[in-house]
Structure formats: C-alpha cells, structure tokens
Amino acid sequence: MSYRIKIEPSGHTFLAEAGESVLAAALRHGLAIPYSCRGGTCTTCMGKVVEGDIHYPGGDLPEALDEKEDAVGQALFCLAEPTSNLVIEVREVRDTADIAPRKLPCRVVDMTQLNHDVMRLLLKLPDQDRLQFLAGQYVDILLRDGRRRSYSLANAPHDDALLELHVRNVDNGVFSGQVFGGMQEKALLRLEGPFGNFFLREDSDRPVLFVAGGTGFAPIKGILEHAFAANLSRPLHLYWGARTRQDLYLPDLPGRWQVEHPNFSYTPCLSEPAPGDHWDGRIGLVHNMLLADYPNLADYDVYMAGPPGMIEAARRDFQDHGLDPERLFSDSFEHALDGEPPA
Ligand code: FES
C-alpha cells in the first residue's frame, strides 16, 4: 500500500510505501528534506503535518519530540511513517548553500580494489549520524598532520547508509599512499563535508551529456544513481574516457544501467588502448568523441568531472560548438590532487 505525500509550499508530490519514513520516501524520489541523524534525536528534519496521519515505529514519540509539539502537528520526518495521504510543510534542500559542512568520524567498513590503481572505500558514520549531501558533492578526508585530501562521493543521497569513495593510487599520494600501503578495514578516519557545486540542476529539462575522465566517474555515478532513483526522464548520455581498458574500473555498471534505464546511453572511450585490450570501441580523447556525436551543443546541459587538462580542453571546444557556458557544470579534480603540496 502506498500513500501520496504533498510538500508545501513547493507543491512537490511523491509516494511513500507503508512502513517507509517520509524522509526515506522523499529521498528515493530525489527530493531532499534536511536531515542529520535519521534517528529521531537531532530535530533537523522537523516539519508539520497539515493534513493526514502518521505514526512512529514502536508507537512511541521519538526522544526529540515532545507531546506539545506532536499535538500541534510537528513531526520528525526521518521516523514518521504515513498512515494516510499527507500534506506536510517542510523546508526543502534545493542548493548546496542549504547544507552546512560538518566534521565527522567514520570507519572504513569495506575496501575493494577495483583495478590496478583504484580502491573503493565504503565509510560508515557513527550510528546516530548521516551526512546530508547532494549527489556529486565531495568530502575532505582530514589527515592527522592537518592536511586534507578531497574525494567525490560516488553514492547517491537515497543510498547513504555507507559513503562510497573511489581512491586512485597516485605517486606520493598522502592519503592514497595510506590506502594502498597497508590501511585495513575498520580503520578510523575523519572527514569534513559536503563541499562543491557539482550537482544535477533539476530545474532544467534539457538532455544531459556527462563526460568522466578516470575517477571522474565517481561523482557522475552518484548523480546518475540519483537521477535513476528520481525517475528523471531526460535523456542521459555518459562518455567515460580512460587510457586503457583496465582504467575503466567498473566496466559492467554503465552497461547494466543502459539495460535498466531506456533514457540512458553509454559510450566508453580509450585514448591509448593496450595491444592486449582487444578494444573495438571508440579511440581518442573523450570530449572529441562526444563532439563527433553531438556537433551542436546549443540545446544540451553538460556535466564533466576529471583531470584539469581534460576539463579545460573540453570547456573551450564545447563552447566553440555552441554550448551555453551557463549550462556547463564541471568538477575539476584539482581539489582532489593527492600528491605532496608545493613547498
Ligand atoms: Fe535527526 Fe530526524 S531527528 S534527522
């Protein structure tokens, strides 16, 4: 059984399943209500039930909500489950400025080496904490000596029980050196975030072209998983560029998305395929491959993430092919350089 929930004042409407919290259902539909603990203790998600009925798991009010607040319709949407259709009043997160970065401890609960030089880390925050973010944003890992290293979040907000980072092993990398040099599961880290303005602008209905270079795939993965969860119907086309076949470090995932989502297409590109790659796909620089398919970009939104050289070359060439600079969104991995800082 599902219930229809309308948010005031935005008018956004979504469905929640019986037994699903209002917040979980909103996130699943790509709508962001503010939250922090997701456990009924912080009140960040508080709003008002204007019409309809809710209940809380176990039947008791959450510890941060008193009876007076409950009596006037105040509710904690991270735990409140609808028992009828609802009209609610709550603030919605529309922009990165609506989310204040936080410093949090976290534990590495899984390390999976995806290829010769990329490790996937799954991070767990303390039980009573979740990190609110927009898909595509990044966090800083705070190192013991005061330095910090930035990594994009590769998961989407509706799937935030664990935070996913893709860490590439770079020469003299102060954090990647630890990751590839003996870090073990259960390691404790500190992070700060979210940061960055790389997120999907959902006030546009233009088709979207994504360009990922190497681990620039990480934030774009988060954005695409968010777009799929929100059932966006805009055409979405991903170009993922790398040097050799092994650098496309999650090779099956975009193909799976292509089968599951008719509005999604995928073009992998290699710049220097190795002889053993047996590559019969596109060869060349990833942004040139995109321009060969889309010579006129006037009607598109473009999102790019990857090394600064790729971003700069693509920015110039895309604008020469009609892309409105206002419709170009990029995440240059300058912020993610993991080498020693200049002296
Ligand atoms: Fe903390 Fe709901 S009470 S997010």
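The structure presented is a predicted model; accordingly, all values stated were derived computationally and were not measured. (Residues numbered from 1 in each chain as written. Predicted model: local features only at pLDDT ≥ 70, side-chain atom pairs only at ≥ 80, totals over all residues. Heavy atoms only, no water.)

*Asks:* Looking at this model, I keep getting lost on the pairing of strand E12 (residues 163–168). Mind explaining?
*Replies:* Every regular strand shows the same layout, with side chains that alternate between the two sheet faces. With five of its six residues buried, E12 lies for the most part within the structure. Pairing geometry for strand E9 (residues 118–124) and E12, over six bridges, is antiparallel. Bridging across to E12, Leu123 finds its partner in Leu163. (Buried < 20%, exposed > 50% of the residue type's maximum accessible area, 1.4 Å probe, protein only. Helix = DSSP H or I, 4+ residues; strand = E, 2+ residues; numbered from the N terminus. Pairing = 2+ DSSP bridges.)

*Asks:* Got a minute to help me understand the packing of helix H4 (residues 217–229) against helix H5 (residues 253–260) in this structure?
*Replies:* Axes are the key here: two packed helices are described by the angle between their axes and the distance separating the axes. Two numbers describe how H4 lies on H5: the axes approach to 12 Å, and their chain directions differ by 20 degrees. Taken together, the axis directions place H4 and H5 in an arrangement best described as roughly parallel. Note that H4 runs across H5; the crossing there is left-handed. Only Leu253, Pro254 and Trp257 of H5 make contact with H4, whose side of the interface consists of Phe217, Lys221, Leu224, Glu225 and Phe228. Its residues assigned to classes, the contact of H4 with H5 comprises six nonpolar, no polar and two charged. (Axes fitted to C-alpha atoms, helices over the stretch in contact; angles between N-to-C directions. Parallel < 35°, antiparallel > 145°, perpendicular 65-115°, else oblique. Left-handed = near helix turned anticlockwise from the far one by under 90°. Contact = heavy atoms within 4.5 Å. Nonpolar A, V, L, I, M, F, W, Y, C, P; charged D, E, K, R; others polar.)

*Asks:* Honestly, the pairing of strand E3 (residues 46–51) in this entry has me stumped. Any pointers?
*Replies:* Pairing of E3 with strand E5 (residues 74–76) involves three bridges; the strand directions are antiparallel. Within the sheet, the bridge partner assigned to Gly47 lies in E5 and is Ala75. Two strands pair when backbone bridges link them, and E3 and strand E7 (residues 86–89) are joined in this way by three bridges, in the antiparallel orientation. Looking at the pairing, Val49 lines up with Ile88 of E7.

*Asks:* What am I meant to see in unusual backbone geometry here?
*Replies:* Of all residues except glycine, most have a negative phi; of all peptide bonds, most are trans. Cis rather than trans, the peptide bond between Glu8 and Pro9 has omega equal to 5 degrees. At the junction of Gly193 and Pro194, the peptide bond is cis and its omega measures out at 5 degrees in the coordinates. The backbone phi angle of Arg38 is positive, close to 55 degrees, even though this residue is not glycine. In this fold, Arg38 is placed in the loop between helix H1 (22–28) and E3.

*Asks:* Please clarify how the packing of helix H6 (residues 286–293) against helix H7 (residues 308–320) should be interpreted in this entry.
*Replies:* Their axes nearest at 9 Å, the elements H6 and H7 cross at an angle of 25 degrees. Looking at the two axes, H6 sits roughly parallel to H7. The crossing of H6 and H7 is right-handed. Together, Val286, His287, Asn288, Leu290 and Leu291 of H6 and Met310, Ala313, Ala314, Asp317 and Phe318 of H7 make up the contact between the two elements. Its residues assigned to classes, the contact of H6 with H7 comprises seven nonpolar, two polar and one charged.

*Asks:* Please clarify how H5 should be interpreted in this entry.
*Replies:* Helical geometry note: an α-helix holds 3.6 residues per turn, so side chains three or four residues apart project in the same direction. Considered for burial, the residues of H5 that qualify are Leu253, Pro254 and Trp257. Take H5 and look down its axis: the buried residues cluster within an arc of 95 degrees, on one side only. Turning to H5, the residues buried within the fold contact H4, strand E15 (236–242) and strand E16 (264–270). (Arc of directions from axis to C-beta.)

*Asks:* What am I meant to see in the sheet that holds strand E1 (residues 2–8) here?
*Replies:* The strands making up a sheet are joined through hydrogen bonds of the backbone, oriented either antiparallel or parallel. Spatial ordering of the open sheet is given by E2-E1-E7-E3-E5, a layout of five strands whose pairing is mixed. Edge strands, defined here as strands with exactly one partner in the open sheet, are strand E2 (13–17) and E5. Across the sheet, the mean angle separating the axes of adjacent strands is 40 degrees when strand polarity is ignored.

*Asks:* Can you help me understand the confidence of the model for the protein in this one?
*Replies:* Where the model shows low pLDDT, its predicted coordinates should not be examined in detail. Per-residue confidence for the protein gives a mean pLDDT of 93, with 97% of residues at or over 70. Considering only residues more than four positions removed or in separate chains, one finds that residues 339–343, a stretch of pLDDT under 50, has eleven contacts. (pLDDT = per-residue confidence, 0-100.)

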